[in-house]
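In case you want the letters, here they are:
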Amino acid sequence: MEDAIRKLDNVRLRKVVSEIAKTSGDVKIHIAKLIDQMAQEMRTQVTSSSDRYNVNKDSSNKDVDWNKRFQDLLSLPDSEEKFKKLYQMANDFVYAATSYAKIIISELCIPAQDKLIKPVGGSIDQDKWRGSMGLAGGQKFVCQNILFKLCWDVELKEGLYMYGGDQPSDEAAMKVANHELKGLMHFNSCNLKELHFPLIAIIDYKGFRVVAINILPVGKETIRYGSGDSGSTIHATDTHLNELMKQAAGRLNLKGHYVGGHPRWQHLYAPGDLEGHLGDDGNFYLLDFARTFPPEAPLEETQFERTSRCVYYQMLRPELVRSHDQPLSSDAFTRWGYHDPDFEVHNDEVIRASRRLLGEVIPQFAQTLDLVENSLTPERLKESLDRIVEDMHRTGINLRHMGRLRNAVTGHVTREVLLREMVSRVIKDRLRKKFRQRMSMLPNDVSEEYFKEIVLELFNLVLGRDQNLAADFWRELESDLKRKFGENSWNSSESLQHSQNIPSLFRRLMSLCGVKLTQEAQEQLLQDPETFHFVDSDVSELVAQTKHLDFHSFAESMSLLFAANKKPSGRERMRLLQIASAKLETAQRSTPANSLHQTKWGSILLEIAKMSPDTDLKTLEIVNRACQKCQSAIHINRYDVEGHLVYGDTLVHKANVMIKCQKPPPEVMQCFQEAAAAYFHVMNFQVEAVDSIYHRAYEIFQNYSNLGAMALQGAIQVCRSVIRVNPRHCSSHFLIGTSIMEFQDFKLKLNLNLESDLVYHLQEALQLSNGQLYESLHKRAEKFLGDFDPTDPSFLRNSAGIFQALHQFRKEDSRGLVGWTKCLHLSSSYQTLEQKKETYQILGNLYQQGLEANDEFMDHVFRDGFVKQKTHLDLMLKIAPHSNLVQKMILACCPLLLKLDLEGLHDIQDEELAILATRRSKFLEMLNLSTCQLVTDRTVIKFASNCSGLREIQLEGCRLITDTCVSVIARSCPQLEKISLAYCSNITPTGIVALAKFLPRLESVNLKGCNGVNYIATIALADIAYLKHLDLEGCPLGRDETLYELGKKSQTLESISLAELRLVDEPVMSVVRNLFNLKTLSVSGCDKLTNATISQIVTSLPQLRELDLSEVIGLTDAAIIELVNKCQMMSVVSLRGLKNLTDASLCYLSRWTHIKSLNLRNISRMTNEAILKWSHVPQLEFLDLSISRAHSPGNLINDDAIVHLSEIAPNLREISLENCTKLTYRSLASLLQRCFQLENLNMNFSKKISWEGLKYFHPKLRVLKLEETQLQDEAVIEISRNFPMLRELSIARNPEISDVGLQALLESRPTLQYFNLEGCLNLTAKSLRNLGTQFNQLEILNLNETLVLDDTLISILKKTFNLKTLSLMGCPNLTEISLKVITQLLPRLQHLNLKSAALTDSVVVELAEYGSQLCQVNLMDCPNISWASLNAFKKCPLMTDVKTNAHGSPKTRTKKDLSSSLILSFVSN
């Protein structure tokens, strides 16, 4: 239709022009007839297009009821058809309004009686077009139910014009028309459905401006708000309309104020001349929006001319008003608000807003422009600056302040663009003025040719073709520029004419002035702007420029959105969505502050993002844009429910995309938190939306399997927002509990503490469901407990939380109490010391309740503790302080104990043992506190004092025990027969003398590693009459005479260890001569002994059964031959490290027919011949033929010897052949085939091991070591098949082993406790990740020099709960992400090797925080840790050794205690 009318229009106008040239008669009548014909045809076209709105075709000659059609369409439910019709109707209205406006403007030169469209209210003085209709509205016309208002400045009274003051200002009147459109659009953007508005269009043509508004069903009698008679009467009679206006004002940030004189004034929330009507159709309509927003305060610092009437047309931008920190009065500085008692207050508030504009907003925007210019490429900068007018408006800056903005900007390009914009607008004003002047000079002419002449003349002056006229023209432009944009907008020393880029200037002029140049003219101007001259044919058309309600693009966009939603996912749907987005962008440019536009735009962008790949960063950019649009909508209207809802949905999708793009968890969680806040606002405004928001939370929960734990936290956040609105929403409580239960190691990933939340929300769900969930929750808790994996704390956490909620909801049902107790028992194993204390306190309370109720489970656990003791009794002792009943039962059981075995309870302390130690018991005979490193004298003294019947005390490794304790033991336990004080470093001779003095019945004393054993102590021990077993290994005896006395006095000894004492022959010989009953002797490490000692041994001790000669390197073949011949009852012999031995003596070893254990390690001269001469050794169980690489590259033993050995020693249980490099798979196969009792096999560094040697099934093999043996996957597969009892496996430094082999091991699921994969570089994360799952009983794991990754290591550690030793030396891919959580995941870890790891001080602190069981740590070659951070290991009570060469350590590099239990070993670089 548009093309048809445009064609018709052009044809008719050309006819008018041609006829004028021909006619000499009454030109006016002729023109009127032609225009009448043209208008009638146009009217027919417009009305016929209304058929699509169900207008009767027979009424084509009747006026179109635009308002009824518009309001009827708005009342329909949203649909594609609705918005398509709205879009079409809005287009038809704009085109019809434009066509009639062109006629009205073209008829200005024709007498009123001859006009086709006559003015409302009578004739017009042709000499003075300014009519008498209206005041501020200008001349009015009505056609086709459209009211047209000509924008002229009208004279209010003689010498006073509405806007110009003493002189008319049509430019100001045109600005007011813009304010009319702007005010209407912003009221419409409030989205209050009960407020209705007209269609509006502003048409600029031939220098004139016309406002077109559809006729509304209102009159003088329908007004309910504001004034329709210039303030004589003020209306505010409809309370509902008053409330609607108050709501709208709140969203526009407008202030209520009094209008009119007292006492007839009314409190309004809009300007006094804005009218609110209750239309004949029952709808509320608003009219006259020009003064919706407050005027800019007339301040002197604005730098441009102001008149007394400027407050009626120089308004503050809506964006500035909406962003201000307080509402502003629309009638400030005008007579409308003059009678308000707070008039001056209102004025001051507007002054503050105006000064904020000048002093804050403009400078800040200038800084932004400078930043943009400095950061963008030229292409991106041009694209950005093309939107500078739009950006100014969006920021709240009026274009009249463009000069001030340019003065504040420093960027050259931006200043140039701003100057070009100002010059273009000044030229546009001049062109409009000349158009109006020409119209008044040609009262009977409608031809465009005269106006084109003006364009040509002006454009050539801009080009400077007539130098004299051009110079005057540009000087006048400078004056106009300063008057319009301020004195500082232009520096007079510059040349305004030569500062302009002519092609760019004309492109902008064409856009602003509605002048269309031919394509040829544009190209020639671009090519040669210096010489180009405009001619008649260069101007092709003067275009009517139209501004209208932003409804067209919005309606079209919504129509496209509905159409897209009907399409399945695919290119067509994406294309429609993208077009819809572009249309909304167009709508948004005209009204940036329309919250509905922003919300819909955000929803469209969200749909586009959902159709884009989640892992693409471009998708994240789209989602961010969607978030920005929703944020803008909410900022504009915080009551925008749909805006909050779309914002929440967008944030959820953004979080999903961020998870897929592996963004940091805190950023993802921020998205979920903001989404929950947005949903909370939705429910605050619409309580009925609670269930809808819950379902959104449930959808997030369902995505857990794809998005991981952070999605669960998102569901929790949203459910919490639901509960804030409705605390009794059962489903939300239950979903929170379910989400928490689904977390896997949530502390690691999210650093949260949700145990209490789990209990609380499950309790609430139970209460709100009246217990209907009880049985299902109990079954779920039992399942968690039944599926308990010691390596996964989440099972315990979930089960404990459910049982706790069940117990607190229904205490009479003991199932909750028992289940909760079981969970706490298990969970205490992997907690820090502080966490354990809290757990024990809870357990104490639970046991108190359970035992009081005579619960069978509680009673069983209690009795089990006293039967099994050790860790079982440890738990009872730790909870006793928190339960009086437990204490009483322990005290009752104590007197009946025969033994108390607490060995290995590293963290048990005096306070926990006090309840046992203080109870007298005449039956207790054995006390074992070995390796209870925190036990002190106080506890042992109490035991000794109260248990006088003790016969055995084991205190090995109790480093805090002193002589005081030993003395009390000696005096209090007269029946003591056996005591071990090994490695009790604080024992001195005083304590040992006390033992010898007061304990004559002692039979066994172990003083291994005690530094306090000297001559005096040894002589005292020799006086013990019944002493049979004495271990003095590593004790500093002081002098040789010690052993002489010992030999003379201790003739009852049956075993003695003198290992590591560095003795010579004579002292040892003196002992041997006198100890006739000796059956076991160890002189290991006494490297000064010779054959003479052996001769004495064989002479004096023919009955000797066990002899350790390890590292006695002076012995020769003769000594061994003599030993074999004379001590034939030997069962255990160690000849380790006797490098002088050869086959000459070794070939006789099989003569020991009772030999069970034979250690021949590091005897490098041994060959096959020795073994091949051995005869049957049926009792041999242990044999070590290894040789270390430090002694020799390999020994001379080959397959023949091992095959022979397997035949003569069928009962071998353990054999070590390490570094026997000549062995092949034959040896391995022979051992597996013939030695059916074999449990331990070490063939490390045997280079020729293959799968053929491992293909034999062996049901008893427990330890297999095949390091650096060139193993391949086939061999590992055989291992997985044939050794079901395997517990320890080392396949280190076999780089050909791949995921295939390891996967075979994993699938066979051996219960491995030791696994060494050092240097297996061909293994990937794919198989390594499952290590912990399949080998979850591992206690020792070596991953040195592997390519393990952070996530892989975490996955392993989460499942290896029992791990005590971990080695990660030289793993290049590990970072602090995994290293810092090692001790959190491995609560039982004792030994940790992190040599060369990428540690930092913060990681060291984390390791120490949770390392309550750590004993040894290797931190060598970790360059990023400092000495200071090692103080964190003070928190590890069992720490004995930290190897480090950290920077900042003491210069002396000596051992230094950080605490009583921590010693650091320094190794220099």
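Since we're looking at a predicted model, the values are computed, not measured. (Residues numbered from 1 in each chain as written. Predicted model: local features only at pLDDT ≥ 70, side-chain atom pairs only at ≥ 80, totals over all residues. Heavy atoms only, no water.)

Let's talk about the overall build of the protein chain
- Tallying secondary structure elements over the protein chain gives 56 helices and 40 strands in all.
- Per element, the accessible surface of the protein chain, about 60500 Å² overall, is 48% carbon and sulfur. (Helix = DSSP H or I, 4+ residues; strand = E, 2+ residues; numbered from the N terminus. Areas by Shrake-Rupley, 256 points an atom, 1.4 Å probe, with all protein chains shown as cover.)

Description of the sheet that holds strand E16 (residues 545-548)
- Pairing in this open sheet of 5 strands is antiparallel, and the strands run E1-E2-E7-E6-E16 from one edge to the other. Each end of this open sheet is capped by a strand with a single partner; those strands are strand E1 (139-143) and E16. Averaged over neighbouring strand pairs, the angle between their axes works out to 20° when direction is ignored.
- Sheet topology note: the E1/strand E2 (residues 146-150) ladder contains 5 bridges and is antiparallel. Across the sheet, the residue bridging to Cys143 is Ile146, located in E2. (Pairing = 2+ DSSP bridges. Axes fitted to C-alpha atoms, helices over the stretch in contact; angles between N-to-C directions.)

Details of the sheet that holds strand E13 (residues 284-287)
- Taken in spatial order, the 5 strands of this open sheet run E5-E13-E12-E8-E9, and their pairing is mixed. Lying at the two open borders of the sheet, with one neighbouring strand each, are strand E5 (195-196) and strand E9 (235-236).
- As judged from the 2 bridges shared by strand E8 (residues 223-226) and strand E12 (residues 275-278), these two strands associate in the antiparallel manner. Across the sheet, Tyr225 pairs through a bridge with Gly276, a residue of E12.

Examining the pattern of salt bridges
- Per the stated rule, a full pass over the model turns up 52 salt bridges.
- A salt bridge links Arg291 to Asp331; the nearest nitrogen and oxygen atoms lie 2.7 Å apart. Of this pair, Arg291 sits in the loop between E13 and helix H7 (318-323) while Asp331 sits in the loop between H7 and helix H8 (343-375), and the two are 40 residues apart along the sequence.
- We classify Arg291 as buried; its relative accessible area is 4%.
- According to the relative accessible area criterion, Asp331 is buried, its value standing at 0%.
- A salt bridge links Asp391 to Arg394; the nearest nitrogen and oxygen atoms lie 3.0 Å apart. Taken together, the residues Asp391 and Arg394, both in helix H10 (residues 388-395) and 3 residues apart, mark about one turn of the helix.
- Judged by its relative accessible area of 18%, Asp391 is buried.
- Through salt bridges that share partners, Asp170, Glu171, Asp204, Arg209, Arg432 and Arg436 make up one connected network. (Salt bridge = Lys/Arg side-chain N within 4 Å of Asp/Glu carboxyl O. Buried < 20%, exposed > 50% of the residue type's maximum accessible area, 1.4 Å probe, protein only.)

Focus: the packing of helix H5 (residues 170-188) against helix H12 (residues 412-441)
- At a minimum axis separation of 11 Å, H5 and H12 run at an interaxial angle of 110°. Between H5 and H12, the interaxial angle falls into the category roughly perpendicular. Of the two elements, H5 crosses H12, and the hand of that crossing is right-handed. Here Asp170, Glu171 and Met174 of H5 lie close against H12, whose contacting residues are Asp429, Arg432 and Arg436.
- Considered class by class, the residues forming the contact of H5 with H12 number 1 nonpolar, no polar and 5 charged. (Parallel < 35°, antiparallel > 145°, perpendicular 65-115°, else oblique. Left-handed = near helix turned anticlockwise from the far one by under 90°. Contact = heavy atoms within 4.5 Å. Nonpolar A, V, L, I, M, F, W, Y, C, P; charged D, E, K, R; others polar.)

Thoughts on unusual backbone geometry
- Phi at Asn770 is positive, roughly 55°, even though this residue is not glycine.
- For Asn770, the position within the fold is in the loop between helix H28 (755-768) and helix H29 (774-786).
- Overall, Asn770 belongs to the exposed group, its relative accessible area being 67%.
- A positive phi angle, close to 70°, is found at Phe1245, a residue other than glycine.
- Along the polypeptide, Phe1245 turns up in the loop between strand E30 (1240-1242) and strand E31 (1263-1265).

Overview of the environment of Asn178
- Within the secondary structure, Asn178 is located in helix H5.
- With 112 residues separating them in the primary sequence, Asn178 and Ala290 have C-alpha atoms 7.6 Å apart.
- A polar contact is formed between the side chain of Asn178 and the side chain of Lys547, at a distance of 3.1 Å. (Polar contact = N/O pair within 3.5 Å; in protein donor to acceptor, adjacent residues only side chain to side chain.)

Things to note about helix H50 (residues 1299-1308)
- Here H50 has its buried residues at Asp1299, Gly1301, Leu1302, Ala1304, Leu1305 and Leu1306.
- Where H50 is buried, its residues touch helix H49 (1273-1282), strand E32 (1288-1290), strand E33 (1314-1316), helix H51 (1325-1328) and helix H52 (1331-1334).

Observations regarding the side chain of Lys654
- Along the polypeptide, Lys654 turns up in helix H21 (residues 641-660).
- Although Lys654 lies buried, it forms no salt bridge, and the closest oppositely charged side chain, Glu674, sits 6.3 Å away as judged by the N-O distance.
- Here Lys654 is in contact with Leu620, Val623, Asn624, Cys627 and Cys671, once residues within four sequence places are set aside. (Lys, Arg positive; Asp, Glu negative; His and termini not counted.)

Thoughts on the packing of aromatic side chains
- Evaluated as defined, the whole model comprises 18 aromatic pairs.
- Ring centres 5.3 Å apart and planes at 85° place the aromatic pair Phe1315 and Phe1335 in the edge-to-face group. Highlighted residues: Phe1315 in strand E33 and Phe1335 in the loop between H52 and strand E34 (1340-1342), separated in sequence by 20 residues. (Phe/Tyr/Trp six-rings, centres within 6.5 Å; stacked < 30°, edge-to-face > 60°.)

Some details on a nonpolar patch on the surface
- A surface patch of nonpolar side chains, about 190 Å² in accessible area, is lined by Val120, Val142 and Ile215.
- Tracing the backbone shows Ile215 in the loop between strand E7 (208-214) and E8.
- Judged by relative accessible area, which is 30%, Ile215 ranks as partly exposed. (Patch = residues over 30% accessible without salt bridge, like charges linked within 9 Å, V, L, I, M, F, W, Y side chains within 5 Å.)

A short note on the confidence of the model for the protein chain
- Model confidence for the protein chain is summarised by a mean pLDDT of 81, while 87% of its residues fall at 70 or above.
- Within the model, the stretch residues 1449-1469 combines pLDDT values under 50 with 53 contacts to residues more than four positions away or in other chains. (pLDDT = per-residue confidence, 0-100.)

Focus on the nonpolar core
- One finds Leu1160, Phe1315, Ile1382 and Phe1433 to be the most contacted residues of the largest nonpolar core, which totals 262 residues.
- Ignoring anything within four residues of it in the chain, the contact list for Ile1382 reads Leu1357, Leu1366, Leu1368, Leu1389, Leu1392, Leu1394 and Leu1407. (Core = buried A, V, L, I, M, F, W, Y, C linked by side-chain atoms within 4.5 Å.)

A word on the environment of Lys1048
- In this structure, Lys1048 sits in helix H41 (residues 1041-1049).
- Sequence separation between Lys1048 and Asp1023 is 25 residues, and the spatial gap between their C-alpha atoms is 9.9 Å.

With respect to the pairing of E13
- The two faces of E13 match: Phe284 and Leu286 on one face and Tyr285 and Leu287 on the other face are all buried.
- Where E5 meets E13, 2 bridges bridge the pair, whose relative direction is parallel. By the bridge assignment for E13, Leu195 is matched with Phe284.
- Relative to E13, E12 runs antiparallel, the two being bridged by 4 bridges. Looking at the pairing, Glu275 lines up with Leu287 of E13.
- Between E12 and E13, which pair antiparallel in sequence order, lie 5 residues; one of them, Gly282, sits at a positive phi of approximately 85°.

Quick look at the state of the cysteines
- Here the structure, examined in full by the defined rule, presents 0 disulfides.
- Between Cys630, a free cysteine, and Cys627, which holds the nearest cysteine sulfur, the sulfur-to-sulfur gap is 6.6 Å.
- Note on Cys630: relative accessible area 0%, which makes it buried. (Disulfide = S-S within 2.5 Å.)

A word on the packing of helix H15 (residues 502-513) against helix H16 (residues 519-527)
- Where H15 meets H16, the axes come as close as 9 Å, and the angle between the chain directions of the two elements is 150°. Classed by the angle they form, the pair H15 and H16 counts as roughly antiparallel. Helix-helix and strand crossings are classified by hand; for H15 and H16 the assignment is right-handed. Contact residues: Ile502, Pro503, Phe506, Arg507 and Met510 in H15; Gln522, Leu525 and Leu526 in H16.

A word on the environment of Leu1123
- Looking at the secondary structure, you find Leu1123 in helix H44 (residues 1117-1126).
- Look at Leu1123 and you get buried, because its relative accessible area is 0%.
- Between the C-alpha atom of Leu1123 and that of Trp1152, which follows or precedes it by 29 residues, the distance is 10.0 Å.
- Ignoring anything within four residues of it in the chain, the contact list for Leu1123 reads Ile1094, Val1098, Leu1107, Leu1109, Met1130 and Trp1152.

Remarks on helix H4 (residues 80-106)
- If you check H4, its first and last C-alpha atoms are 39 Å apart, about what 27 residues at 1.5 Å a residue would give, namely 39 Å.
- In terms of burial, H4 is largely enclosed, as 22 of its 27 residues are buried. (Expected span 1.5 Å × (residues − 1).)

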